[in-house]
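Examination of the molecular architecture
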Amino acid sequence: MISSKSITIFSDYEALSIAAADHVYQALHDGLQEKGKFVFGCATGGTPARFYQQLLSLLQQHPVSLRSFFTVNLDEYYPMPQSNEQSYYSWMKRIFWHPLQQMNLSFDYERQVLIPDGDVQDPRKEAKQYEDKIRTWGGIDVQILGIGENGHIGFNEPGSERGSRMRLVSLTESTRRTNAKFFGGDIQAVPKQAITMGVETILEAKEILVLVSGKQKAEIMKKIFSAAEPTSDIPATYLLKHPHTHWFFDTDAAALM
Ligand code: GLP
């Protein structure tokens with residue numbers, strides 16, 4: 001074990017999603033009050049879907065002005081136009097930004113969100129501009145993260161270095177196979193590359209909330225928490241050295257720990 005960390009195990013996916021939404025709602029409420037601004041790092045994937053619904057319902061019940069609330073996404077497939085149904089842009093718009101905009105809390109996703117553009121000619125320039133923008137916004141206050149079955153974070157696949165920054169990466173065969181479920185089960189339809197925040201970019205977030213659900217994650221969780229030292233073979237192990245990372249598991253994901 002590297003060290004004992006902040007870990008909470010919930011009875012199921014629903015309880016985990018509710019607790020994560022409570023946590024983020026409180027952080028954004030306090031951040032907006034204390035600093036007048038909140039920058040929220042968003043993840044996509046199956047795991048955070050229910051969390052976003054819960055967060056929307058908390059904002060509905062306890063409204064706050066979101067004029068100074070900004071969201072920053074981890075990654076996007078490449079090449080991938082925003083207009084494509086399978087883009088993370090479309091997913092975020094459907095699941096979170098659009099319903100949020102409908103709530104009349106002064107949130108405007110044309111102005112307040114940042115997600116890599118998977119349709120650019122020059123991904124390197126896009127990556128540089130993206131990191132600059134995060135810096136201009138004052139850095140990420142709370143980052144939501146999921147974990148890939150091979151231990152990836154964002155799309156930092158095994159082999160990604162601790163110091164890696166936003167960049168174009170190649171996806172592993174196993175990640176493309178896992179994510180084929182979002183592309184009608186067709187691995188050939190899953191892009192071979194992505195633009196992702198780097199490990200270093202992620203670790204610069206002031207606080208990180210890792211959501212892990214389901215028995216298909218139990219094996220990788222066991223590997224992460226039994227690693228002697230962070231290793232590029234399992235990029236999620238770098239999180240164990242981040243001082244303000246909270247791990248939220250359900251019992252299935254924690255079954256082998
Ligand atoms: C994708 C995303 C990751 C996400 C991972 C796990 O590959 N790029 O950011 O954490 O999937 O997704 P899921 O929650 O569907 O297991």
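Relevant structure appears above.
Predicted model only: the values in this text are computed from it and were never measured. Position numbers for residues start from 1 in each chain and track the written sequence from start to end. Residues qualify for local features only when their pLDDT is at least 70, as the model is predicted, and side-chain atom pairs are given and counted only at 80 or more; totals for whole chains, interfaces and linings, by contrast, use all residues. Excluding hydrogens and water, the side-chain values take into account all heavy atoms of the structure.

1. Quick look at the overall build of the chain
Put simply, DSSP marks the helices as runs of H or I at least four residues long and the strands as runs of E at least two long, and each gets a number from the N terminus on. Tallying secondary structure elements over the chain gives eight helices and ten strands in all. Between the two quantities, the radius of gyration covers C-alpha atoms and the globule rule is 2.2 Å times the number of residues to the power 0.38. Its C-alpha radius of gyration of 17 Å places the chain within 12% of the 18 Å reference for a compact globule of 257 residues. Seen along its three principal axes, the alpha-carbon backbone of the chain occupies a region of about 45 × 40 × 35 Å. Exposure categories follow from relative accessible area, calculated using a 1.4 Å probe and restricted to protein chains: below 20% of the type maximum is buried, above 50% is exposed, and the middle band is partly exposed. Within the chain, buried positions represent 54% of all 257 residues. With the model as given, the accessible surface of the chain reaches about 11,300 Å², and the carbon-plus-sulfur share is 49%. Working convention for charge: Lys and Arg count positive, Asp and Glu count negative, and His plus the chain ends are omitted. Charged side chains are reduced to one point each, which is NZ for Lys, CZ for Arg, CG for Asp and CD for Glu. Looking at the chain, you have 26 positive and 30 negative side-chain charges, and the mean spots of the two groups are 3 Å apart. Note on areas: Shrake-Rupley with a 1.4 Å probe; residue coverage comes only from the protein chains shown.

2. Considerations on the side chain of Asp141
Within the secondary structure, Asp141 sits in the loop between α5 (123-136) and β6 (142-145). N or O atoms within 3.5 Å of each other form a polar contact, as long as, within protein, one can give a hydrogen and the other can take it, and as long as residues adjacent in sequence are counted only when both atoms are side-chain atoms. Here Lys206 takes part through its side chain, which lies 3.3 Å from a polar atom of the side chain of Asp141. Setting aside residues up to four positions removed in sequence, Asp141 forms contacts with Lys35, Lys37, Phe38, Val39, Lys206 and Glu207. In this analysis, two residues are considered to be in contact whenever any of their non-hydrogen atoms come within 4.5 Å of each other.

3. Quick word on the layout of surface pockets
It is a probe the size of a water molecule, rolled over the atoms, that shows where empty space is left. Within this model, the largest pocket holds a volume of roughly 440 Å³. Residues are said to line a cavity or pocket when one of their atoms sits within 4 Å of a point; the points come from a 1 Å grid over protein atoms alone, cavities being sets where a 1.4 Å probe fits but cannot get out and pockets being open sets with protein on both sides within 12 Å along at least five of seven lines. Residue lining of the largest pocket: 25 residues in total, with Gly45, Ile147, His152, Asn179 and Lys217 positioned closest to the centre. At four residues, helix α6 (residues 173-179) tops the list of elements feeding residues into the lining of the largest pocket. Charged means Asp, Glu, Lys or Arg here, nonpolar means Ala, Val, Leu, Ile, Met, Phe, Trp, Tyr, Cys or Pro, and polar covers whatever is left, Gly included. Looking at the lining of the largest pocket residue by residue, the class counts come to seven nonpolar, 14 polar and four charged. Grid points are joined across faces, edges and corners, and a volume is the space filled by probe spheres set on the points.

4. Overview of the site of the ligand
Within the structure, the ligand sits among 14 residues, and Gly46, Thr47, Asp75, His152 and Lys217 are positioned closest to it. Gly46 has a polar backbone atom sitting 2.7 Å from an oxygen atom of the ligand. Between the ligand and His152, the relevant distance is 3.0 Å, taken from an oxygen atom to a side-chain nitrogen or oxygen of the residue. Bound to the protein, the ligand loses 94% of the 390 Å² it would expose on its own. Residue composition of the shell around the ligand, by class: four nonpolar, eight polar and two charged. Throughout this document, a residue counts as near a molecule or strand when at least one of its heavy atoms sits within 4 Å of that molecule or strand.

5. Observations regarding the packing of helix α2 (residues 49-61) against helix α3 (residues 88-101)
Every axis corresponds to a line fitted to the C-alpha atoms, with the helix fit spanning only the stretch in contact, and the corresponding angles, defined between N-to-C directions, vary from 0 to 180 degrees. At a minimum axis separation of 10 Å, α2 and α3 run at an interaxial angle of 5°. By the criterion of interaxial angle, the relationship of α2 to α3 is roughly parallel. Note on element contacts: α3 touches α2 through Trp91, Met92, Ile95, Phe96, Pro99 and Leu100, opposite Ala49, Tyr52, Leu55, Leu56 and Leu59. Residue composition of the contact of α2 with α3, grouped by class: eleven nonpolar, no polar and no charged. The scheme is simple: roughly parallel for angles under 35 degrees, roughly antiparallel for over 145, roughly perpendicular for 65 to 115, oblique for anything else.

6. Digging into the pairing of strand β9 (residues 207-212)
The buried count for β9 comes to six of six residues, which makes it a mostly enclosed element. Neither face of β9 is open: one carries Glu207, Leu209 and Leu211, the other Ile208, Val210 and Val212, and all of them are buried. Each pair of strands is called paired provided DSSP finds at least two bridges between the two strands. Bridge count for β6 against β9 is four bridges, and the pairing is parallel. Across the sheet, residue Leu145 finds its bridge partner in β9, namely Val210. Sheet analysis places β9 next to strand β10 (residues 245-250), joined by five bridges and oriented parallel. If you follow Ile208 over to β10, its bridge partner there is Thr245. With strands facing away from the observer, any crossover in which the path from the first strand over the helix to the second runs clockwise is taken as right-handed. Where the polypeptide runs from β9 across helix α8 (residues 218-226) and back to β10, its parallel neighbour, the crossover connection is right-handed.

7. As for the nonpolar core
Nonpolar core, defined: a set of buried Ala, Val, Leu, Ile, Met, Phe, Trp, Tyr and Cys residues in which side-chain atoms within 4.5 Å join the residues together. If you look at the biggest cluster of nonpolar residues, it comprises 88 residues, and the most contacted ones within it are Phe40, Ile147 and Trp247. With nine residues, the top contributor of residues to this core is helix α1 (residues 13-35).

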